[in-house]
Amino acid sequence: MTDSTTPPQTPHTPTVLVVGTGAVGGFYAARLAAAGAQVSVVCRSDYATIAQQGITIHSFKFGEQHFHPYSVHEQPETFPGTPDYMLITLKVLPQIDLAAMVAPKIGPNTTLLLIQNGIEIEEKLHQAFPNTPMISALAFVCVSRTQPGHIDHLCFGHLSMGHYPPQPVQPALTQLVQLFKHAQIDAHATDNVVTARWRKLVWNAPFNGVSVLAGGLNTREIMDDAPLQQLCRDVMAEVVDLAAAAGHALADDVIEVNMQATERMQPYRTSMLLDHEAGREMEVEAIFGNALQRAQQLGRSYPHLQSFYALLRAIGRKR
Ligand SMILES: NC(=O)C1=CN([C@@H]2O[C@H](COP(=O)(O)OP(=O)(O)OC[C@H]3O[C@@H](n4cnc5c(N)ncnc54)[C@H](OP(=O)(O)O)[C@@H]3O)[C@@H](O)[C@H]2O)C=CC1
Ligand SMILES: CC(C)(CO)C(=O)C(=O)O
């Protein structure tokens, strides 16, 4: 109930702090800002450019967009106050102490939102902040940084997101999905994001791995090479088997659906290949190491995944 002395309720503008503003971070930050959120960013190498010029996005869907963040930071610490959403879009790398990085800026109002690849990437952060709500999301998007502060959005864009630890969809998640929808991002909520991560690994393990190990191939080149396509199917079958053993049974047609989707994709250079070519560290542990740790716990062996892991680690060490 309100009376004439009650000030009118203005809807709360959500504040977002993006930590790790590269391709994915910059892209979703711009969309959230377009939907009315107050979005600030933390960047590393692109700091000077983004602080001066903002971020330019060339999108197959939204055209050319210029996004000027509310504020730009080199460290989360300089962001005033605590954000409603701490959006983490860093690479998932073992040496990044995410908990230490975000700790100073987690307040009672803050929800952690992860948009990253890999499996079993949430637990350490959840252990560090057990009372902070966490939403973990998977991005089905093809974006890459072409130069500092410039992002190409080549295809897709949808998000699948769920609570971590998994639980039935709560109003806070529905509200976030609505915010992304308002930003023209096709977002949907899932009851079990851990299973969703295994499902995404069915694509990431073979295509990220082969794109690098086969000497720098895009998805079209992989699909057009019968032995490489078969190798992808074999790796997928291992992921499906491991996922089921870990308690995340996937649909019977998951391999076929992924192959057909890849067939329809624009030729795409995976994020692992882009990292490799740019001399950046690849997410080998998040995509292969964590899966193999789970395999080891279950006493199972997966020769393709093990070979990919050993070879990609060795390539990574050589840089
Ligand atoms: N690109 C894509 O199309 C997709 C990517 N993903 C996933 O999204 C996540 C982000 O990927 P993407 O945006 O492509 O990657 P980018 O390399 O474009 O951005 C990563 C960000 O993390 C920062 N970063 C990396 N390492 C460190 C470090 N050691 N310390 C501090 N900051 C660091 C980068 O800083 P700097 O500017 O210095 O490099 C950059 O700001 C990954 O998990 C990726 O697998 C998922 C789906 C699609
Ligand atoms: C599946 C895909 C291509 C985009 O969603 C991806 O995750 C990646 O390049 O790492």
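Residues numbered from 1 in each chain as written. Chains lettered and ligands numbered in written order. Predicted model: local features only at pLDDT ≥ 70, side-chain atom pairs only at ≥ 80, totals over all residues. Heavy atoms only, no water.

Applicable threshold: UniProt positions are given in the numbering used here, feature names are shortened, and annotations may be inferred rather than shown by experiment.
As named in an unreviewed UniProt entry, the protein is 2-dehydropantoate 2-reductase, taken from Magnetococcus marinus. The heading Pathway (unreviewed entry) in the UniProt record of the protein holds the text "Cofactor biosynthesis; (R)-pantothenate biosynthesis; (R)-pantoate from 3-methyl-2-oxobutanoate: step 2/2." Here is the UniProt Function (unreviewed entry) comment for the protein, exactly as written: "Catalyzes the NADPH-dependent reduction of ketopantoate into pantoic acid."

1. A closer look at the environment of L98
Rule in force here: Helical segments are the DSSP runs of H or I of at least four residues, strand segments are the runs of E of at least two, and each set is numbered from the N terminus. Classification of residues uses two cut-offs on accessible area relative to the type maximum, computed with a 1.4 Å probe and protein chains only: under 20% is buried, over 50% is exposed, and between them is partly exposed. Working rule for contacts: check all heavy atoms of both residues, and any pair within 4.5 Å makes them a contact.
The topology assignment puts L98 in helix α3 (residues 98–102). The exposure class of L98 is buried, given its relative accessible area of 17%. Put simply, L98 and T110 are twelve residues apart on the chain and 15 Å apart in space, counted from C-alpha to C-alpha. If we skip the residues at most four places from it in the chain, L98 touches I88, L90 and L125.

2. Section: the domain arrangement of the protein
To keep things clear, this is the line we draw: Marked domain ranges trace back to an automatic or database domain assignment. Accessible area that two parts lose when put together, evaluated with a 1.4 Å probe and summed over both, is termed the buried area. The term salt bridge refers to a pairing of a side-chain nitrogen on Lys or Arg with a carboxyl oxygen on Asp or Glu at a separation within 4 Å.
Entries for the protein in the domain assignment read domain 1 (15–191) and domain 2 (196–318). Inter-centroid distance (C-alpha atoms) of domain 1 to domain 2 is 24 Å. The partner domain 2 presents 21 residues to the 25 residues of domain 1 that form the contact. Note on domain 1 versus domain 2: buried area summed over both sides is about 2,000 Å², and carbon and sulfur give 58% of it. Among the residues domain 1 hides against domain 2, the three largest losses belong to N117, I119 and E120. Together they make up 33% of the total. Linking domain 1 to domain 2 there are three salt bridges.

3. Side note on the site of ligand 1
Put simply, the test is: Any residue with a non-hydrogen atom lying within 4 Å of a molecule or strand is treated as near it. The definition of a polar contact used here is a pair of N or O atoms within 3.5 Å, where within protein one atom must be able to donate a hydrogen and the other to accept one, and adjacent residues in sequence count solely through side-chain atom pairs. Per-residue and other accessible areas follow the Shrake-Rupley method at a 1.4 Å probe size, with only the shown protein chains counted as cover for residues. We call Asp, Glu, Lys and Arg charged. Ala, Val, Leu, Ile, Met, Phe, Trp, Tyr, Cys and Pro are nonpolar, and the rest, Gly among them, are polar.
As a matter of local geometry, ligand 1 sits amid 24 residues, with V24, R44, S45, R145 and E283 nearest to it. One nitrogen or oxygen atom from the side chain of N117 is found 2.9 Å from an oxygen atom belonging to ligand 1. For ligand 1, whose accessible area on its own is 880 Å², the fraction buried by protein is 91%. Taken together, the elements giving at least two residues each to the shell around ligand 1 come down to α1 (23–34) and β8 (134–147). If you tally residues by element for the shell around ligand 1, the top one is β8, at five residues. When the residues that make up the shell around ligand 1 are grouped by side-chain class, the tally is eleven nonpolar, seven polar and six charged.

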